[in-house]
Amino acid sequence: MLSGSDTGIGHALAKYLDSLGFVVFAGVLNRDGPGAEELRRSCSQRLSVLQLDITNSTQVHEAYLAVSEKVQNAGLWGVVNNAGILGFPADGELLPMSTYRHCMEVNFFGAVEVSKTFLPLLRKSQGRLVNMSSMAGGIPLPRYAAYGASKAALSMFSGVMRQELSKWGIKVTAIHPSGFRTGIEGTAEQWDKQEKELMENLPADTRQAYGEEYLLGLRNYLLHLPSHCAPDLSPVLAAVLHALLARRPQGLYTPGKGAYIPLCIFCCFPLWFYDFF
């Protein structure tokens, strides 16, 4: 069972696992959207598209019932919590509280509810729980206070569940990809709305402290973000596949060019050196 299959990593992963012969339950935010239609058109009959807004408890429960009916007593081998949002990348002081709350609601609370709901099916099969975190969830990165905090919470949840669920043979993994072009950046309309909310709620002294030039530069940073991200998602797909199939999966995967380097520097060097780096 996979959440966030409309676009990006989730969409590519649903197609990839289907091509390998998996029975895929692809949860989508919009069952009638282009991503869902593309999955129905291009994938095998084994793939089922499920309406799944992970912040909607009713939809999470309905997805559980649909999957339970199909797998019966065999259980479910894997749950991949992939659905996530980025939020507007800006300094933590500038971000409205709504951005923090929305990131936590989707990236953390939604993933936790899906995990808790589907664990009885994983226990039957001694299966796998795979949580798609982020490099920003393991190390502090400027302009990602809201997103990074929500992913850090997800990573800690993964670590604790890895320890607690081992008694039933359930393996839990966190994936920390580096920058990949996934579509999580959102649309221009979404950014316009979030940028407007950010600017309208800034106190005058904060606006003055940062300066108009810096604030306008946030949009340029956002526009150039995809150019710094890798278009090839295959390292992430390979990491998820290993987490699902390996006899001894790793607790943490860091797919992507150089993803482990900042993490090593953060863990092994003084903080002042990491901050300078």
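Right above here is the structure, for reference.
Bear in mind that the values here come from a model prediction, so they are computed numbers and not experimental data. (Residues numbered from 1 in each chain as written. Predicted model: local features only at pLDDT ≥ 70, side-chain atom pairs only at ≥ 80, totals over all residues. Heavy atoms only, no water.)

Undergrad: So, helix α1 (residues 8-19): which residues are in play, and what are the values?
TA: For α1, spanning twelve residues, the distance from its first C-alpha to its last is 17 Å, which sits close to the expected 16 Å at 1.5 Å a residue. When α1 is considered as a whole, its buried residues turn out to be G8, I9, G10, H11, L13, A14, L17 and D18. Turning to α1, the residues buried within the fold contact β1 (25-28), α2 (34-42), β3 (78-81), β4 (128-132) and α9 (234-245). Immediately downstream of α1, the backbone of G21 shows phi near 100°, a positive value. (Helix = DSSP H or I, 4+ residues; strand = E, 2+ residues; numbered from the N terminus. Expected span 1.5 Å × (residues − 1). Buried < 20%, exposed > 50% of the residue type's maximum accessible area, 1.4 Å probe, protein only. Contact = heavy atoms within 4.5 Å.)

Undergrad: Quick rundown of the pattern of salt bridges? Include the residues and the values.
TA: As enumerated under the stated definition, the model contains five salt bridges in all. Here E38 makes a salt bridge to K15, at a shortest N to O gap of 2.8 Å. Pair noted here: E38 is in helix α2 and K15 is in helix α1, with a separation of 23 residues, a long-range link. For E38, a relative accessible area of 22% gives the class partly exposed. Overlapping salt bridges bring together K15, E38 and R41 as one network. (Salt bridge = Lys/Arg side-chain N within 4 Å of Asp/Glu carboxyl O.)

Undergrad: Account for the layout of surface pockets, with residues named and values stated.
TA: The calculated volume of the second largest pocket comes to roughly 210 Å³. In this structure, the second largest pocket is lined by 13 residues; those nearest its centre are M1, F22, V23, V24 and G78. Looking at the lining of the second largest pocket element by element, the count peaks at three residues for β3. Class assignment of the residues belonging to the lining of the second largest pocket gives a composition of twelve nonpolar, one polar and no charged. (1 Å grid on protein atoms, 1.4 Å probe; cavity = no way out; pocket = protein on both sides within 12 Å on 5 of 7 lines; lining within 4 Å. Points joined across faces, edges and corners; volume = space filled by probe spheres on them. Nonpolar A, V, L, I, M, F, W, Y, C, P; charged D, E, K, R; others polar.)

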